[in-house]
There are 4 protein chains.
Amino acid sequence: MNMSVARAVNVDEVRELARRRLPRPVFDLVEGGAEDEITMRGNLDAFRRHRLLPRAFADVASRDSGTTVLGTKLRAPILLAPTGAARVLHRDAELAVARAARASGLGYVHGTVSGHTPEQVAAVDPFWFQLYASGDRPRLLETLKRIADVGFRALVVTVDVPVFGNRERDRRNRLTIPLSFSPVAILRCATRPRWTAEFIRGNLPQRAQPDGRVSPFGTQRQILSSLYPVTADDLAFIRDHWQGPLLVKGILHPADCETAIERGANGIIVSNHGGRQLDRAPAALDALPVIVSAAAGRAEVLLDGGVRRGTDILTALALGARAVLVGRPYLYGLAAGGQEGVERVLEILVTEFDRAMALTGFASTEQIDGTCLMPVQ
Amino acid sequence: MNMSVARAVNVDEVRELARRRLPRPVFDLVEGGAEDEITMRGNLDAFRRHRLLPRAFADVASRDSGTTVLGTKLRAPILLAPTGAARVLHRDAELAVARAARASGLGYVHGTVSGHTPEQVAAVDPFWFQLYASGDRPRLLETLKRIADVGFRALVVTVDVPVFGNRERDRRNRLTIPLSFSPVAILRCATRPRWTAEFIRGNLPQRAQPDGRVSPFGTQRQILSSLYPVTADDLAFIRDHWQGPLLVKGILHPADCETAIERGANGIIVSNHGGRQLDRAPAALDALPVIVSAAAGRAEVLLDGGVRRGTDILTALALGARAVLVGRPYLYGLAAGGQEGVERVLEILVTEFDRAMALTGFASTEQIDGTCLMPVQ
Amino acid sequence: MNMSVARAVNVDEVRELARRRLPRPVFDLVEGGAEDEITMRGNLDAFRRHRLLPRAFADVASRDSGTTVLGTKLRAPILLAPTGAARVLHRDAELAVARAARASGLGYVHGTVSGHTPEQVAAVDPFWFQLYASGDRPRLLETLKRIADVGFRALVVTVDVPVFGNRERDRRNRLTIPLSFSPVAILRCATRPRWTAEFIRGNLPQRAQPDGRVSPFGTQRQILSSLYPVTADDLAFIRDHWQGPLLVKGILHPADCETAIERGANGIIVSNHGGRQLDRAPAALDALPVIVSAAAGRAEVLLDGGVRRGTDILTALALGARAVLVGRPYLYGLAAGGQEGVERVLEILVTEFDRAMALTGFASTEQIDGTCLMPVQ
Amino acid sequence: MNMSVARAVNVDEVRELARRRLPRPVFDLVEGGAEDEITMRGNLDAFRRHRLLPRAFADVASRDSGTTVLGTKLRAPILLAPTGAARVLHRDAELAVARAARASGLGYVHGTVSGHTPEQVAAVDPFWFQLYASGDRPRLLETLKRIADVGFRALVVTVDVPVFGNRERDRRNRLTIPLSFSPVAILRCATRPRWTAEFIRGNLPQRAQPDGRVSPFGTQRQILSSLYPVTADDLAFIRDHWQGPLLVKGILHPADCETAIERGANGIIVSNHGGRQLDRAPAALDALPVIVSAAAGRAEVLLDGGVRRGTDILTALALGARAVLVGRPYLYGLAAGGQEGVERVLEILVTEFDRAMALTGFASTEQIDGTCLMPVQ
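Residues numbered from 1 in each chain as written. Chains lettered and ligands numbered in written order. Predicted model: local features only at pLDDT ≥ 70, side-chain atom pairs only at ≥ 80, totals over all residues. Heavy atoms only, no water.

Chain A goes by FMN-dependent dehydrogenase in an unreviewed UniProt entry, where it is assigned to Planotetraspora silvatica. Within the UniProt record for chain A, the comment given under Sequence similarities (unreviewed entry) is "Belongs to the FMN-dependent alpha-hydroxy acid dehydrogenase family." Looking at chain A in UniProt, the text filed under Cofactor (unreviewed entry) is "FMN". (UniProt positions renumbered as here; feature names shortened; annotations may be inferred.)

This is the structure in structure tokens:
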């Protein structure tokens, strides 16, 4: 199989390209989940427990896969999730991701843990910003002001990291978070000299920058060391000091959905953090219908976790999601081919989603509903 | 295991013979389904979720496995489905298939995409004709007239290809549809020189034929490039201009069954196109009972997809199908041994079906009903 | 692992000994089922879908595993099923089996297809006789008289072979039934010279016997060529001409149970012929409760198929069986060690059953009921 | 992977360390279950059929994983189950286990079958004592008095060994219980000379002790040879002669739970003896809810069997258990690293349990209930 990114026929092939290019500890950093990775695998398997009913006689000669999420128009109901790993995959890191998202007509949710500043990413596209809220109110206010000043359109507050998940692959590889490489890890990375050379070239200058806030690793350490359980009051405080749309990421229980909406959330992102927090958490897709029902139209519900196919996206929308977030898929693309790799992944997903719409008889995303679903027998 | 077709004890063994004889890209062309092939495999697995109850004390000393499908008598409730691949499997292509069907007392549904003209196949047996309807009404009328003039007894309109399915095996093998071989594909085929020699010998003269309509590849390209979503109006138009029995192939949703019957269909073929269109579509067998119920006796319901055993046929009839269509099984036979290979496959299926009838206590196909079924525990 | 029969800790180990000692075609003859062997494996798997509840505080210091089946006392609720393969496994064939059964306090159901005459086996123990009934009434009467004269206590009529099952292993091995060895099969047997030498020594003299009826292969051919669907009238005719208890073997459908009891059967053997007749038939254990319910106490119900453990026997009794029949297990023993091997297998089963009774709190077989059952979650 | 105990990231890795260090027959002695080990594996799998719902917005910044079990305070709801195998794993045997439990703030249930006397273990921590009750009342009284005099706080009566389970690994390895090594077993142990040397050094002096009661193997033989079915009267007798809390271990049936409580049990340990008694018994976790319901608050219910993760402990508590017992996990630790190994295993479990509490939004064990549970779909 020719494995160049341009020839990859699906996300799995891009993943394979990434696996070959990355040192094992780095691939594990992207791929791994918590403990036995039951939830991580469960995210993917959940989609396979649904069957989609093809339709005949539908007028799908022309189709519109576009949608609007909290007021923002997108070419397809796909967002790029915040992840902290871009820096170690490619030297352009979040910039490449943001550029690819913009070029594809989709949106990238830039995250707190990042190799680039909010200002740098917003210069490409000030889409949405993901926040690991701190209990330190003055610092929180400062951050909110900075994000608003930069122009991000919506704020995503992550609420599923009261403590850090038990990611055993990283512990076995002796990676510590915030990212630092032990001698053992470095030795293991040496099997991929091309990656190693690029990583050194890409990161050394950055570390040398005078402004501490721009140094990604410094920022990561600060943020992670202040991880704490976001409370309902924290969310209300944020709502009071943020003008734009507000989303909460990491909801699986309907009571938490209620709390978030009561405190003013406009969007709910159903997510188990890619299976990286609580192993044994339900698959994101399995939790989706209950949250959609709890939201009852008061907030848009998005799904994050396990999307690898256009049919996955269609399934999520049929179950009530407004759009989906993808994380690992675009990281595979980034590792395999930088911005071009991310664009290839997004193109695959958009094409597959469009084809799935045609075959299930939907001419526009607005038409998608549960009538196309059938449980596996 | 002696692997000659005559000694093959079941369809799987014939499949194995075909696999050994064909270059991998050609075998993949026959075998492959869309994307992850969940639906393709699901078609087969669905049969294994049913148990058949043996009966004692039944008078099955003599049995009649014959039936009548839309007025046509058959030695057993088995039809040969339209497929486009015969040309690359054997130089006699659809002629060998039609001859084998006739010799076996069964019916071959000749397809639009073919290596032989309708006239050539009808000279063997003008059974049924499968149509990829075009939106171009004058051309459609011309085709209907030609099919009627040639004498085909029934018309099967395929409605599940509004767009082409994502068959990743072919993309990986760099096969393009309509069939053309890239240098990479040709190289891969070189591992089976016997097949290659015969393919060249069989296809070169054909290409040189003066009449463009007879050239199979030319015709394929025209047809496929005009693929479009057949509408209910199209079906009504066809009904108005076709005198004989009319079937619709590719129905999985009861509402589409209703539409087809309302527009005058006499037969419904429950099919997911062998798992080659929408991956995640339900297994054909799993969709069967709902369609039988929707048809409510107003149309005969046939099942297409996953039949490999006589017990599969019995299961389909017990769930309400009038007959089944087989596709890949006879293509395996064709690849493994031409007309003789197809006949061997049909003989296996008829013999197995007859034995299954005896053991479940049915002396004739008319008696078969759901009393013999028991779900897997 | 020391693999002598005496050291074997369970039936699976005896099976492994048999597999090593027998030529592949002969092992396949014993082991194989029909077609895809779904039913054959299903017989075993069905037991694993039940959980048995251990009990505390039960007075099981002394236990009685004995029972009475249709008036015959047994040391445990285990019978040895009729099978036709003993002759090719060991030169003492059915005589070794009958002796082992008697030595173990259990009963052997001697079958029509056999390497020894009813008289020879009855000389060891005239337990029960299994009949492939013929449609030829005078010959049937003659057989019934002979069986009665010899002294067999009960008659078992097999009703699940209206036609012969599709045993593909034998077809692949070119074995024909009644047993004869093609050159190919003989070649394959040559890999086990010890078995081959003994087989020749054991069978040549037999063939030379002047009395045709004693020749086992001759008798087999006659019987098998007259296989036909036993009718309810046939059963009534047998009932009229047989004084002792009458059992029907091969019932899976409640209506057939009713028919059998109405025609005078005293016992019903739930069986799918070891998965050797209709593939896709339900597991014998899965059919048991329905038949027990249909029999409603008017006939004793026995289970045949899939028993490999003492816990299997307990499960069958908990679901309403009076006793179980074992086939392959004792054939493994016979192949591995003649009479001693059969005794070892029976000892394993009786010991396991006794232990299972103790752990589930039953001091006698009469106490066993459904309270100890719990479905797998 | 560096496999030192200190670096092990989870119980499975400690298990792997133990497997490498122990001769196969000794590892099998710890690891093996009865017969096909369905119940043994079922204990583990049962936990994986539950999903735990993460919670957001919970105030889990500080958490208390401590609890009280029958009046005894513990740092976490974890007890160390009685097992008979410590002696062959490490020369400090039960003393190392008791010390590790105490150092970890947890409790060790010292067992009748042991390499150390009750007095020796009580000198470390007189936690609870597990009794294989004898039918010999005077001897039973003597034992109860001795246990009370030594100061053990609670008594655990095991009721699931009316006869000894069929542990086939030990039979294949020619180990006999009470532990003695056949020449074959000794030969197999020679592959691990380090273990062998330590075992000889640790056990020879012990055997030479003048006081027969202190010799562990002598005591084991006596106890095991007197195994018998504990009756309800026996339990009542024990209740009459034991002042402290009384628990019954080995309950799976609600009626037995009732009997135990009626006879005065204060605690019920749901257990199938680690899958070592009746194969096909339900998983301990699957039996838990029924027993919790039967106990109806009249006795504390503990779960024994299959716990390998902190999420397992949380699941058991969510289903109504007061605490869990672990057996094999600490034996792995003992084999891999003596007292330090046991402490490492306990630290892993406590840490994982604390993290699971945080992620499911519980700040104290008292809060844990079924609201966090969701069945696997």
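Now that the structure has been shown, the text picks up again.
K.L.:
What's the story with the overall build of chain A in this structure? I'm lost.
P.N.:
A count of helical and extended segments in chain A gives 16 helices and 14 strands. In terms of C-alpha radius of gyration, chain A reaches 20 Å, essentially the compact-globule figure of 21 Å for 377 residues. On the principal axes, the C-alpha backbone points of chain A span a range of 60 × 55 × 40 Å. Here chain A holds 377 residues, and the buried ones make up 66% of them. Of all intrachain contacts in chain A linking residues separated by at least 6 positions in sequence, the fraction that spans at least 24 positions is 73%. Approximately 13000 Å² of chain A is accessible, and the part contributed by carbon and sulfur atoms is 51%. (Helix = DSSP H or I, 4+ residues; strand = E, 2+ residues; numbered from the N terminus. Rg over C-alpha atoms; globule rule 2.2 N^0.38 Å. Buried < 20%, exposed > 50% of the residue type's maximum accessible area, 1.4 Å probe, protein only. Contact = heavy atoms within 4.5 Å. Areas by Shrake-Rupley, 256 points an atom, 1.4 Å probe, with all protein chains shown as cover.)

K.L.:
Would you explain the packing of aromatic side chains in this entry?
P.N.:
Aromatic ring pairs are defined here through the distance separating the ring centres and the angle between the ring planes. The tally for this structure, following the rule as stated, stands at 12 aromatic pairs over all chains. When the centroid spacing of 5.3 Å and the interplanar angle of 55° are considered together, the rings of phenylalanine 129 of chain C and phenylalanine 152 of chain C count as tilted. Taken as a pair, phenylalanine 129 of chain C in strand β6 (residues 128-131) and phenylalanine 152 of chain C in the loop between α7 (137-150) and β7 (154-158) lie far apart in primary sequence, 23 residues in all. Each member of the pair, phenylalanine 129 of chain C together with phenylalanine 152 of chain C, is buried. The ring of phenylalanine 237 of chain B carries the charged tip of arginine 137 of chain B above its face, separated from the ring centre by 4.4 Å. (Phe/Tyr/Trp six-rings, centres within 6.5 Å; stacked < 30°, edge-to-face > 60°. Lys NZ or Arg CZ within 6 Å of the ring centre and 35° of its normal.)

K.L.:
How should I be thinking about the pairing of strand β12 (residues 300-304) of chain B in this particular structure?
P.N.:
Residues and elements named next belong to chain B. Among the 5 residues that make up β12, 4 are buried, leaving the element largely enclosed by the rest of the structure. Here strand β11 (residues 267-271) runs beside β12; their pairing, made up of 5 bridges, is parallel. Looking at β12, one finds that glycine 267 is bridged to glutamate 300. Tracing the backbone out of β11, into helix α14 (residues 284-295) and back to the parallel element β12 gives a crossover that is right-handed. Pairing analysis gives 3 bridges linking β12 to strand β13 (residues 323-326), with the strands arranged parallel. Considered in β13, the bridge of aspartate 304 is made with leucine 325. (Pairing = 2+ DSSP bridges. Right-handed = clockwise from strand over helix to strand, strands pointing away.)

K.L.:
So what exactly am I meant to see when it comes to the relation of the copies chain C and chain B here?
P.N.:
For the pair of chain copies, the relating transformation is a rotation about an axis with a translation along it. Least-squares fitting of chain C to chain B yields an RMSD of 0.0 Å, with the superposition described by an axial translation of 0.0 Å and a rotation of 90°. Such a combination of rotation and displacement between the chain copies is what one expects of a four-fold axis. Closest approach to the rotation axis within chain C is made by the C-alpha atom of glutamine 377 of chain C, at a distance of 8.8 Å. (Least-squares fit on C-alpha atoms with pLDDT ≥ 70 in both.)

K.L.:
Explanation requested: the interface of chain C and chain B in the structure shown.
P.N.:
Where interface size is quoted, it is often the accessible area lost as the parts come together. Each side of the interface is counted separately: chain C has 35 residues, and chain B has 33 residues. Inspection of the chain C/chain B interface yields 8 salt bridges. Among the ionic pairs, aspartate 256 of chain C bridges to arginine 55 of chain B, the shortest N-O distance being 3.0 Å. Run the count over chain C and chain B and you get 8 residue pairs in polar contact (both at pLDDT 80 or more). Elements that contribute at least two residues to the side of chain C that touches chain B include exactly α8 (168-172), α12 (232-240), β10 (246-251) and α13 (254-262) of chain C. (Salt bridge = Lys/Arg side-chain N within 4 Å of Asp/Glu carboxyl O. Polar contact = N/O pair within 3.5 Å; in protein donor to acceptor, adjacent residues only side chain to side chain.)

K.L.:
Looking at this structure, how should I read the nonpolar core?
P.N.:
In this structure, Leu303 of chain A, Leu303 of chain B, Leu303 of chain C together with Leu303 of chain D are the most contacted members of the largest nonpolar core, which totals 448 residues. Setting aside residues no more than four positions away along its own chain, leucine 303 of chain C makes contact with Phe47, Val270, Ala284, Leu285, Leu288, Ala316, Ala321, Ala323, Val324 and Leu325 of chain C. (Core = buried A, V, L, I, M, F, W, Y, C linked by side-chain atoms within 4.5 Å.)

K.L.:
What exactly am I supposed to notice about the sheet that holds strand β5 (residues 107-111) of chain C here?
P.N.:
Paired through backbone hydrogen bonds, the strands of a sheet run either parallel or antiparallel to each other. All names here are of chain C. The 8 strands lie next to each other as β4-β5-β6-β7-β10-β11-β12-β13, forming a closed barrel whose pairing is parallel. On average, each strand axis in the sheet is tilted by 25° relative to the strand beside it, whichever way the strands run. Where helix α14 (residues 284-295) meets the sheet, its contacts fall on β10, β11 (267-271) and β12 (300-304), and the angle it forms with β12 comes to roughly 175°. Against the sheet, helix α16 (residues 328-359) makes contact with β4 (78-80), β5 and β13 (323-326), and its axis sits at roughly 170° relative to β4, the strand it touches most. (Axes fitted to C-alpha atoms, helices over the stretch in contact; angles between N-to-C directions.)

K.L.:
In this structure, what is going on with the UniProt feature "binding site: glyoxylate" (unreviewed entry) in chain A? I would like to understand it.
P.N.:
All names here are of chain A. Taken from the UniProt record, the annotation "binding site: glyoxylate" (unreviewed entry) applies to Tyr132, Arg167, His273 and Arg276. Mapped onto the fold, arginine 167 is located in the loop between β7 (154-158) and α8 (168-172). In contact with arginine 167, other than residues within four places in its own chain, are Gly33, Ala34, His273, Arg276 and Gln277. Tracing the backbone shows histidine 273 in the loop between β11 (267-271) and α14 (284-295). Given a relative accessible area of 12%, histidine 273 falls into the buried group. With sequence-adjacent residues up to four places away left out, histidine 273 is seen in contact with Tyr132, Thr158, Asp160, Val161 and Arg167.

K.L.:
Can you help me understand the packing of helix α15 (residues 310-318) of chain B against helix α16 (residues 328-359) of chain B in this one?
P.N.:
For any two helices packed against each other, the geometry comes down to the angle between their axes and how far apart the axes lie. Residue and element names in this part refer to chain B. α16 packs onto α15 with a crossing angle of 60° between their chain directions and a minimal axis gap of 7 Å. For the element pair α15 / α16, the angle class is oblique. Note that α15 runs across α16; the crossing there is right-handed. Residues Gly310, Thr311, Ile313, Leu314 and Leu317 of α15 form the contact with α16, whose own contacting residues are Leu349, Glu352, Phe353, Ala356 and Met357. (Parallel < 35°, antiparallel > 145°, perpendicular 65-115°, else oblique. Left-handed = near helix turned anticlockwise from the far one by under 90°.)

K.L.:
Sorry if this is basic, but what is going on with the arrangement of the chains here?
P.N.:
Kept free of each other, chain A and chain C leave a smallest C-alpha distance of 18 Å between them. Across the gap from chain B to chain D, with no contact made, the nearest C-alpha atoms are 18 Å apart.

K.L.:
For this particular structure, what's the right way to read the environment of aspartate 369 of chain D?
P.N.:
Residue and element names in this part refer to chain D. Inspection of the secondary structure assignment puts aspartate 369 in the loop between α16 (328-359) and β14 (373-375). Relative accessible area serves as the criterion here: at 35%, aspartate 369 is assigned to the partly exposed category. Sequence separation between aspartate 369 and arginine 276 is 93 residues, and the spatial gap between their C-alpha atoms is 30 Å. With residues up to four places along the chain from it excluded, the contact list for aspartate 369 reads Ala318 and Phe362.

K.L.:
Can you help me understand the sheet that holds strand β10 (residues 246-251) of chain D in this one?
P.N.:
Residues and elements named next belong to chain D. As summarised here, the arrangement of the 8 strands in space is β4-β5-β6-β7-β10-β11-β12-β13, forming a closed barrel in which the pairing is parallel. Pairs of neighbouring strands in the sheet enclose a mean axial angle of 25°, with direction left out of account. As defined by bridge partners, strand β7 (residues 154-158) adjoins β10 across 4 bridges and the pair is classed as parallel. Bridge assignment links valine 157 to a residue of β10, and that residue is valine 248.

K.L.:
What should I look at first to understand the side chain of threonine 83 of chain C in this one?
P.N.:
By secondary structure assignment, the location of threonine 83 of chain C is in the loop between β4 and α4 (86-89). A polar contact is formed between the side chain of threonine 83 of chain C and the side chain of tyrosine 330 of chain C, at a distance of 3.2 Å.

K.L.:
Just to check I follow, could you spell out the interface of chain B and chain A for this structure?
P.N.:
The interface is formed by 35 residues belonging to chain B together with 33 residues belonging to chain A. Taking both partners together, chain B and chain A bury about 3000 Å²; carbon and sulfur atoms supply 57% of that area. One can count 8 salt bridges joining chain B with chain A. At the boundary of chain B and chain A, one finds 10 residue pairs in polar contact (both at pLDDT 80 or more). Top contributing element to the side of chain B that touches chain A by residue count: helix α13 (residues 254-262) of chain B, with 4 residues. (Buried area = accessible area lost by both parts, 1.4 Å probe.)

K.L.:
What exactly am I supposed to notice about the side chain of glutamate 168 of chain A here?
P.N.:
Position of glutamate 168 of chain A relative to the elements: it lies in helix α8. Accessibility expressed as a relative area gives 1% for glutamate 168 of chain A, which makes it buried. Here the side chain of glutamate 168 of chain A touches asparagine 10 of chain D through a polar contact of 2.5 Å, side chain to side chain. Only 2.7 Å separates the side chain of glutamate 168 of chain A from the side chain of arginine 309 of chain D, close enough to count as a polar contact. Ignoring any residue separated from it by four or fewer positions in sequence, one finds glutamate 168 of chain A in contact with Gly33 and Glu35 of chain A together with Val9, Asn10, Arg309 and Glu352 of chain D.

K.L.:
What should I look at first to understand unusual backbone geometry in this one?
P.N.:
Excluding glycine, residues mostly carry a negative phi; peptide bonds, for their part, are mostly trans. A positive phi angle, near 90°, is found at arginine 280 of chain A, a position not held by glycine. Structurally, the position occupied by arginine 280 of chain A is in the loop between β11 and α14. For arginine 280 of chain A, a relative accessible area of 3% corresponds to the buried category. Look at glutamate 35 of chain C: it is not a glycine, yet its phi comes out positive at around 45°. The buried category is assigned to glutamate 35 of chain C, whose relative accessible area is 11%.

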